[in-house]
Amino acid sequence: MTGQPGQAGPAGGSFGARRPLTGGDGLDRYDLSAAGDGVHELPYSLKVLLENLLRHEDGTVVTADDIAAVAAWPGDGARREVAFHPARVLLQDFTGVPAIADLAALRDAVEELGGDPAAVRPVIPADLVIDHSVSVDAFGSVEALDINTDLDFHRNAERYRFLRWGQQAFEGLRVVPPGRGICHQVNLEHLATVVTADRAGGVIHPDTVVGTDSHTPMVNGLGVMGWGVGGIEAEAALLGQPSSLLLPDVIGLRLDGELPPGTTATDLVLTITELLRHHGVVGTFVELYGPGVSNVPVENRATIGNMSPEYGSTVTIFPIDGETLRYLRLTGRSESHVDLVERYAKEQGLWFEPQAVPRFTSTVELDLGSVEPSIAGPTRPQDRIPLRRARQGLATALETFAPAVGAGGQDEASALSFPASDPPSGDPPHPDAPDPVEAPAEVPVAAPVAAHGAAPVRVALADGTEVDLDHGAVVIAAITSCTNTSNPSVMLGAGLLAERAVERGLQRQPWVKTSLAPGSRAVTDYLVRAGLMPTLEALGFHLVGYGCTTCIGNSGPLLPEVAAAVRSHGLSVAAVLSGNRNFEGRINPDVRLSYLASPMLVVAYALAGTVDIDLAEDALGTDAWGEPVRLADLWPTDEDIDAARRRAVDPSVFARAYDDIDQGDERWRQLPTPSGSRFPWDPDGSTYVHRPPFLDGLAADPSDLRDVTGARVLALLGDSVTTDHISPAGAIDPTGPAGAWLRGRGVEEDDFNSYGSRRGNHEVMVRGTFANRRLRNLLVPGTEGGVTRHWPTGETTTIHAAAVAYAASDTPLVVLAGKDYGSGSSRDWAAKGTALLGVRAVIAESFERIHRANLIGMGVLPLQFGDGVRLGDLGLAGDETVDITGVAALATGGGLDEVALRIGGAEVAVTVRLDTPLELRQFAAGGILPLVARAMARRGSGPTPT
């Protein structure tokens, strides 16, 4: 039975839920049981959400009916919208720079509307960790770290000066300088509190967070509710606006048993990714339960939470238990705080009970004993391959290569059909004198790859060594990413495996680019204490930086001789990395095959030099006595790993790693930094930070919504188009529109840096939208890259040039796509760039959660084809005009079901994906930023109204 609302008052809202915590030193908690008798049966995740609503009930944004609906979940099954108020925000620099730029522009806009620019300030804490910028330029030497750090500061000094300005301009924003770690690992090991004691307000509550990175759910492994959002949604949260949330389905993942000896957290998470992608959990909460949960340490739990976006869930959360407390103690949290966490969780009903079965929408079961050594790839994280079948998996992938694009899916077998090629450029030499529809002399059609089984290619390396390269050659072996480097077991395991390999006289293959880029300084500390750094370095795994590096595509160039052979002979070579994503074209533009693996297997594949090997049977090499050395001979036992942990990992490791975390080195402290509350934009002198255009000329009231009439298709895309396809983060192609713009501003090619680093400059980013070299736009069959057809002239040109031409004729644009549009990173520029190109609507078979929200946040309408409608069955040529009616009435009470789509005059069933009233308000206002700017200009300082 659900509790009945009573008289609101100091006792704690309509339900009188505010009550003292036993022994809580004057702290109160919001007692969940006040909301109803059945609350104890709710999943842990919904209990946290319920507490959030009880604490923020105000009768307007959060009502007693909202609280009652969560308490009675699932109730009648209605998808009720509720307002979630996160306790803090986590940012990284690729998303953080544009977020701070938006806030700076928001101050300008609020003043221009007659408001107080000082009102634009964070009302909840924010931590911005600089982790996305360092690249693996140097490797294989003890100097690699210093070389890469120097290059990082050389390339990104302007961005870093801007972030230092932001830290002094916005109270409540803390910037963690480069070289301290990866935001999610820093969050797990240091920032997260599990429960937060608000001494000023006298209240204790669960720690919650939203982050501008899709892997924010990593902290779910610690029992902290958090998920990834787009930068503009995070900005709204910073300013006090809640996140709109439809009460989700909650999928229970039951764990039984324990992992077999010799398996790793990586094997477990790849198994779960495959399992949950098959089950279908996109947009849901996943919660772990069952007796096997107690056998999963927090380090493994964090790995599982980290990969939530790879199988599509919003969160993958573990309740608080004794394992949570162990990890808090290990990482140096105070004993008094650990005691507070335990007392609060038990008194609040948030403590894990192994035999309890909460109310779930549905359940999935996994016997941990069934997990086996695995890798995943070559282009999707959910494509798990048992290690015993890795060689066959490579053969299958190579057999699918063909010289035709086929149906146009981005993830089908045809998606592996083309080697890398520079996208054609339709931009003229200088960006200030555009000829938007001028086509290149020739749009190159990518050549088919060399046949599998053809003779290997002989390559002479710089040191005179001659090697043979074939398909499947491992050219990158990277121990990288917070996904696995946050886990001492797999990191020490990699060190122990390397130690044994060195003892047997094995070496990495000379064509393999090796790197070690951990997510915090704690990792190198305990590797040194365990005596394992020298043996990792002996195999080329020198420290290259503390950042995301290879996992996000900052892998740096391959060996020049290797890259030349790959390009000239159409070789399909491989990267093996301990990361979380392996989308096509993401890791390195010259690498077609990318496999996710544990750090131990990364070392093994560096020794083998190829994926075309059976690691269960084949030898990795021979030792000094001529004896074959197999992987089983090198693999450390669980007891060996535990012994290394005991001698090397303790709270002092983490205390040293996070001492003075926000101070930075001399390079950081000596950066000249602007001061003041308003940023001095310099559009003529800067190519990194420009005032964003999204609020330029903002009127006090929004313009009327308009129907879409006579729109043209800018891109016709297949399934699984990722945000990497839409807005790449990696190297800027010098022959493309963004490269042309930079050259026109006097920037040398060596200083182009990456798209990710240029996200503070809309001029670069709009030219990079849909510019991924692996994108396949079916309007131009047989090509790869950011090209399209400008239908009025029939010319083939770049997507940006075509968009400029359409804008000149006031022609609206749409994008058509298949399933899972916008999967992958939270990248808000995938939506910002889409909007700046003039796209009014994206029409897809399905959307991933964050990108759909980002489109709405930028005023782009997401439409989903009706049930049973497949884009490929519509028989479109792409030259059809598109009309969307009923849009104009949305702001004046028109129903979502009144919106109609016609393509080439034929009506096509669609659903408007404005899923909540708040999303409708955001869309009608032209996006989140205009909505917030107008509200702040009217209201003045304080949290923005919703």
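Structural notes, computed from the coordinates. (Residues numbered from 1 in each chain as written. Predicted model: local features only at pLDDT ≥ 70, side-chain atom pairs only at ≥ 80, totals over all residues. Heavy atoms only, no water.)

1. Description of the pattern of salt bridges
Part 1: Inspection of every chain in the model, using the stated rule, returns 56 salt bridges.
Part 2: A salt bridge links Arg-29 to Glu-347; its shortest N-O distance comes to 3.3 Å. With Arg-29 in strand E2 (residues 28-30) and Glu-347 in helix H11 (residues 335-348), the pair connects residues that are 318 residues apart, well separated along the chain.
Part 3: What makes Arg-29 buried here is its relative accessible area of 7%.
Part 4: A residue is classified by how much of its surface remains accessible, and Glu-347, at 27% relative accessible area, is partly exposed.
Part 5: Notably, a salt bridge pairs Arg-678 with Asp-108, separated by 2.7 Å at the nearest N-O pair. Of the two residues, Arg-678 sits in the loop between helix H22 (666-669) and strand E26 (708-716) while Asp-108 sits in helix H3 (residues 93-112), which places them 570 residues apart along the sequence.
Part 6: What emerges from the salt-bridge pattern is a single network uniting Asp-108, Glu-111, Glu-112, Arg-678, Arg-691 and Asp-696. (Salt bridge = Lys/Arg side-chain N within 4 Å of Asp/Glu carboxyl O. Helix = DSSP H or I, 4+ residues; strand = E, 2+ residues; numbered from the N terminus. Buried < 20%, exposed > 50% of the residue type's maximum accessible area, 1.4 Å probe, protein only.)

2. Some words on the sheet that holds strand E13 (residues 285-289)
Part 1: Across the sheet, 4 strands lie side by side as E14-E13-E12-E15; this open sheet has parallel pairing. Unpaired on one side and paired on the other, strand E14 (315-317) and strand E15 (362-367) mark the two borders of the sheet. Each neighbouring strand pair of the sheet contributes to a mean axis angle of 20 degrees, computed without reference to strand direction.
Part 2: Against the sheet, helix H7 (residues 265-279) makes contact with strand E12 (250-256), E13 and E15, and its axis sits at roughly 150 degrees relative to E15, the strand it touches most. (Pairing = 2+ DSSP bridges. Axes fitted to C-alpha atoms, helices over the stretch in contact; angles between N-to-C directions. Contact = heavy atoms within 4.5 Å.)

3. Section: the environment of Ala-34
Part 1: Position of Ala-34 among the secondary structure elements: in the loop between E2 and helix H1 (44-56).
Part 2: We classify Ala-34 as buried; its relative accessible area is 14%.
Part 3: Measuring from C-alpha to C-alpha, the distance between Ala-34 and Val-708 comes to 49 Å, with 674 residues separating the pair along the chain.

4. Overview of the sheet that holds strand E35 (residues 910-912)
Part 1: Pairing in this open sheet of 8 strands is mixed, and the strands run E34-E33-E32-E26-E29-E30-E31-E35 from one edge to the other. Two strands bound the open sheet, and with one partner strand each, they are strand E34 (906-908) and E35. Neighbour-to-neighbour, the strand axes of this sheet turn through a mean angle of 35 degrees, independent of strand direction.
Part 2: Pairing of strand E33 (residues 900-903) with E34, which is carried by 3 bridges, proceeds in the antiparallel orientation. In the strand pairing of E34, Ile-903 is matched with Ala-906.
Part 3: Against the sheet, helix H26 (residues 799-808) contacts E26 and strand E29 (813-817), and its axis sits at roughly 170 degrees relative to E26.

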